[in-house]
Amino acid sequence: MASAELTSKIVTLLRDKGLDIGDISLAAIDGGGNNKVFAVETGSGKYVAKAYFNHPADTRDRLGAEYAFLSYAQHIGLVNVPRPIACDVAAHVGIYEFVNGYKLSIDHLERMHVDAAAEFIASLNAGPNRDGRLPLASEACFTLEQHLATVDRRILKLHELNGGDALTRQAKELVDNIATSWKRQCAQIVATGVPALNPEDRCISPSDFGFHNALLRDDGDLCFIDFEYAGWDDPAKMIGDFFCQPAVPVPYEYFEDFVSKAVRYSTNAAALRARAHLLLPVFQIKWCCIMLNEFLPDAARRRQFANPTMDPEQRKRMQLVKTEQFFNSILT
């Protein structure tokens with residue numbers, strides 16, 4: 001249930017926009033593992049309100065990144081994202097258009113959905129007026145060294161796992177196996193070499209991009225949501241995230257078509273396709289680490305904030321199984 005303070009803040013934000021409030025009601029909805037999300041019913045219509053996680057140990061400006069990204073998307077005329085309505089930076093609260101739709105499952109994923117995702121990336125980056133004021137994406141990287149260092153940091157943090165319980169012991173054993181595989185992958189990638197990314201080839205990326213962050217509307221069109229990590233990034237990382245995220249896995253058979261459509265904003269599209277192939281193993285290992293975040297204190301705080309009723313041990317068990325399955329799949 002939303003607090004009286006949060007409800008009051010939402011009422012103020014909507015009234016400041018000249019919207020009719022009338023009777024207001026808030027209902028909690030699933031909004032991922034980081035933030036509290038509510039459907040807001042008012043006299044002027046239905047909205048989504050997000051109360052963003054905020055903690056001194058987590059300096060990511062989630063509200064700022066999402067609101068700036070959606071404002072840019074609205075400015076260039078995209079209609080396949082929610083409209084931003086209002087926000088309060090100090091209170092870490094944003095209000096957005098409510099989108100009627102449902103989440104896609106892997107069983108219902110089709111080529112046309114992958115094509116729509118690629119068109120979304122191409123549209124974000126079309127033309128000469130891409131917004132340079134947007135922030136860098138979360139963990140943005142533009143050189144091979146930066147990409148490798150990001151994975152090194154994640155593995156190092158997982159090596160520091162404490163606890164003698166059976167779940168943690170299993171997680172630590174898996175981390176050791178991931179680290180061994182990573183050392184081998186690193187050597188191969190460094191030996192091959194990956195050139196630095198030209199500044200003009202950087203992309204505006206939704207980050208954490210995939211069908212876990214999309215809704216299928218009644219008219220059959222996709223609406224993409226959740227952009228708290230969005231910003232400027234390496235297109236290879238955007239592509240790697242899209243094909244590695246485990247919630248709604250995208251079959252690798254779509255890789256070439258997706259990449260070709262998504263990076264057509266660049267005059268160096270062929271080089272970007274090659275770069276995406278070379279760096280894919282980096283993002284596969286990185287996602288193994290991301291999936292084990294449940295064992296880290298920072299992630300536990302975010303999950304507790306977003307859903308205080310969640311059983312952390314059950315979440316750990318589930319993520320451990322998923323990580324083992326994903327790790328084994330990339331070894332074959």
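All residue numbers refer to position in the chain's written sequence, counted from 1. Since the coordinates come from a predicted model, pLDDT governs what is reported: local features require at least 70, and pairs of side-chain atoms require 80 or more to be given and counted, while whole-chain, interface and lining totals use all residues. Side-chain calculation: all heavy atoms of the structure are included, whereas hydrogens and water are not.

Caption draft 1: Highlighting the pattern of salt bridges. A side-chain nitrogen of Lys or Arg and a carboxyl oxygen of Asp or Glu constitute a salt bridge if their distance falls within 4 Å. In the structure shown here, the tally under the stated rule is 19 salt bridges. The shortest N-O distance in the salt bridge between Asp58 and Arg62 comes to 2.5 Å. Of the two residues, Asp58 and Arg62, neither departs from the other in class, the shared state being buried. For the salt bridge of Lys286 with Asp241, the shortest nitrogen-to-oxygen distance reads 3.5 Å. With a gap of 45 residues between them, Lys286 in helix α8 (residues 269–291) and Asp241 in helix α6 (residues 235–244) connect regions that are remote in the sequence. Categorising residues by exposure relies on relative accessible area from a 1.4 Å probe, with only protein chains included: less than 20% of the type maximum marks a residue as buried, more than 50% marks it as exposed, and the intermediate range marks it as partly exposed. Residue classification places Lys286 among the buried residues on the basis of a relative accessible area of 4%. Connected through salt bridges with shared partners, the residues Asp58, Arg62, Glu228 and Arg302 form a single ionic network. Strands are runs of DSSP state E lasting at least two residues, helices are runs of H or I lasting at least four, and both sets are numbered from the N terminus onward.

Caption draft 2: Local environment of the packing of helix α5 (residues 166–192) against α8. To obtain an axis, a line is fitted to C-alpha atoms, over the contacting stretch when the element is a helix, and the angle between two such axes runs from 0 to 180 degrees between their N-to-C directions. At a closest axis distance of 10 Å, the pairing of α5 and α8 adopts a crossing angle of 160°. Comparing the axis directions of α5 and α8 gives the class roughly antiparallel. Along this stretch, α5 crosses α8, giving a crossing that reads as left-handed. Along its contact with α5, which presents Ile178, Ser181, Trp182, Gln185, Ile189 and Thr192, the element α8 presents Leu278, Pro281, Val282, Ile285 and Cys288. Classes in brief: Ala, Val, Leu, Ile, Met, Phe, Trp, Tyr, Cys and Pro nonpolar; Asp, Glu, Lys and Arg charged; the others, Gly included, polar. Split by residue class, the contact of α5 with α8 holds eight nonpolar, three polar and no charged. Oblique is the label for any angle not under 35 degrees, not over 145, and not in the 65 to 115 range, which are roughly parallel, roughly antiparallel and roughly perpendicular in turn. Handedness of each helix crossing follows the sense of rotation of the near helix against the far helix: counterclockwise by less than a right angle gives left-handed, clockwise gives right-handed. The contact definition used throughout considers only heavy atoms, calling two residues in contact when any of these lie within 4.5 Å.

Caption draft 3: Inspection of the pairing of strand β5 (residues 93–97) at higher detail. Burial within β5 is extensive, with four of its five residues counted as buried. The pairing of strand β3 (residues 45–51) with β5 spans five bridges and is classified as antiparallel. In the strand pairing of β5, Val48 is matched with Tyr96. Two strands are said to pair when DSSP picks up at least two bridges between them. In this structure, strand β4 (residues 84–88) lies alongside β5, joined through four bridges in antiparallel fashion. If you follow Pro84 over to β5, its bridge partner there is Tyr96.

Caption draft 4: How the structure looks around the packing of aromatic side chains. Between the rings of Phe, Tyr and Trp (Trp by its six-membered ring), a pair exists once the centres lie within 6.5 Å; its type follows the angle of the planes, with under 30 degrees stacked, over 60 edge-to-face, and the other angles tilted. According to the stated counting rule, one finds 14 aromatic pairs in the structure shown. The rings of Phe69, Phe120, Phe209, Phe211, Phe224, Phe227, Phe242, Phe243, Tyr252, Phe255 and Phe258 are connected pair by pair, giving a single aromatic cluster. Charge-over-ring placement is defined geometrically: NZ (Lys) or CZ (Arg) within 6 Å of the ring centre, and within 35 degrees of the ring normal. Positioned above the aromatic ring of Phe98, the side-chain terminus of Lys46 is 4.2 Å from the ring centre. One cation-aromatic arrangement involves Arg202 over Phe142; the distance from NZ or CZ to the ring centre is 3.7 Å.

Caption draft 5: Expanded view of unusual backbone geometry. Phi at His92 takes a positive value of approximately 60°, unusual for a residue other than glycine. By the secondary structure assignment, His92 is in the loop between β4 and β5. The exposure class assigned to His92 is partly exposed, which follows from its relative accessible area of 26%. Backbone geometry places Asp208, a non-glycine residue, at a positive phi of 45°. Tracing the backbone through its elements, the reader meets Asp208 in the loop between β6 (203–205) and β7 (214–216).

Caption draft 6: The sheet that holds strand β1 (residues 25–29), seen in detail. Pairing in this open sheet of five strands is antiparallel, and the strands run β1-β2-β3-β5-β4 from one edge to the other. Among the strands making up the open sheet, the edge pair consists of β1 and β4. Going from strand to strand, the sheet's axes swing by 25° on average, the running direction of each strand aside.

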